[in-house]
Amino acid sequence: MARDPLAALARLRRLESDEARRALGEANTRLAAAEARSASAEAALSAEGAPGGEGDYGRWLIRGLAERDRAARAVGFAVESAEIARQGLAERRAAERALAQLREVRAEIARRKILRQGQLLLDEVAARLTLRE
């Protein structure tokens, strides 16, 4: 029996969707970590006072602001990455749905062809019976 190329394509589409879901999960994990880092940096800036004099605080503040900025950039990158992963998953799901619709259409065409063949056989039998009478 010949292999159904649409079945093979459906398996491929499912694998692609699974991979896209995994990528989205990883992107969301990275986003949560980046947001936690950003919140931690922001909290450190808010909570820190002048611990040991202006010289120490000034040096700490420079590092703290730099860390906050790095964390904010990381959040931005993680948001973009998560959005790209979401779009990728949406595209994979759309491809799966399109393939499912194609398979349904082909199944309906095959069903109609079988019905037509059956009707042709019935018409042929009816014509033979009519000729005998």
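Residues numbered from 1 in each chain as written. Predicted model: local features only at pLDDT ≥ 70, side-chain atom pairs only at ≥ 80, totals over all residues. Heavy atoms only, no water.

### Let's talk about the pattern of salt bridges
So, step 1. Overall, the coordinates contain 14 salt bridges when judged by the stated rule.
So, step 2. Two residues, Glu-19 and Arg-22, come together in a salt bridge whose shortest N-O distance is 2.2 Å. Of this pair, Glu-19 and Arg-22 are both found in helix H1 (residues 5-47), three residues apart, which corresponds to roughly one turn of the helix.
So, step 3. Of the residues examined, Glu-19 reaches a relative accessible area of 41% and is grouped as partly exposed.
So, step 4. Here Glu-26 and Arg-22 are joined by a salt bridge, their closest N and O atoms 2.2 Å apart. With Glu-26 and Arg-22 both in helix H1 and four residues apart, this pair spans about one turn of that helix.
So, step 5. In this structure Glu-26 comes out as partly exposed when scored by relative accessible area, which is 37%.
So, step 6. Three or more residues are tied together by salt bridges with common partners; here these are Glu-19, Arg-22 and Glu-26. (Salt bridge = Lys/Arg side-chain N within 4 Å of Asp/Glu carboxyl O. Helix = DSSP H or I, 4+ residues; strand = E, 2+ residues; numbered from the N terminus. Buried < 20%, exposed > 50% of the residue type's maximum accessible area, 1.4 Å probe, protein only.)

### Thoughts on the side chain of Ser-38
So, step 1. By the element assignment, Ser-38 lies in helix H1.
So, step 2. For Ser-38, a relative accessible area of 18% gives the class buried.
So, step 3. Not counting residues within four places of it along the chain, the set of residues in contact with Ser-38 comprises Ala-71, Ala-72 and Val-75. (Contact = heavy atoms within 4.5 Å.)

### Focus on H1
Since the α-helix advances by 3.6 residues per turn, residues separated by three or four positions end up pointing in the same direction.
So, step 1. The end-to-end C-alpha distance of H1 is 62 Å, a good match for the 63 Å that 43 residues give at a rise of 1.5 Å each.
So, step 2. Inspection of H1 places Leu-6, Ala-7, Ala-10, Ser-17, Ala-20, Leu-24, Ala-27, Leu-31, Ala-34, Ser-38, Ala-41 and Leu-45 among the buried residues, and these make up the whole buried set.
So, step 3. The residue sitting at the N-terminus of H1 and contributing the capping side-chain oxygen is Asp-4; that oxygen lies 3.1 Å from the backbone nitrogen of Leu-6. (Expected span 1.5 Å × (residues − 1). Polar contact = N/O pair within 3.5 Å; in protein donor to acceptor, adjacent residues only side chain to side chain.)

### Quick look at the nonpolar core
So, step 1. Among the nonpolar cores identified, the biggest contains ten residues, and these are Ala-20, Leu-24, Ala-27, Leu-31, Ala-34, Val-75, Ala-78, Ala-82, Ala-85 and Leu-89.
So, step 2. Ignoring any residue separated from it by four or fewer positions in sequence, one finds Ala-85 in contact with Ala-23, Leu-24 and Ala-27. (Core = buried A, V, L, I, M, F, W, Y, C linked by side-chain atoms within 4.5 Å.)

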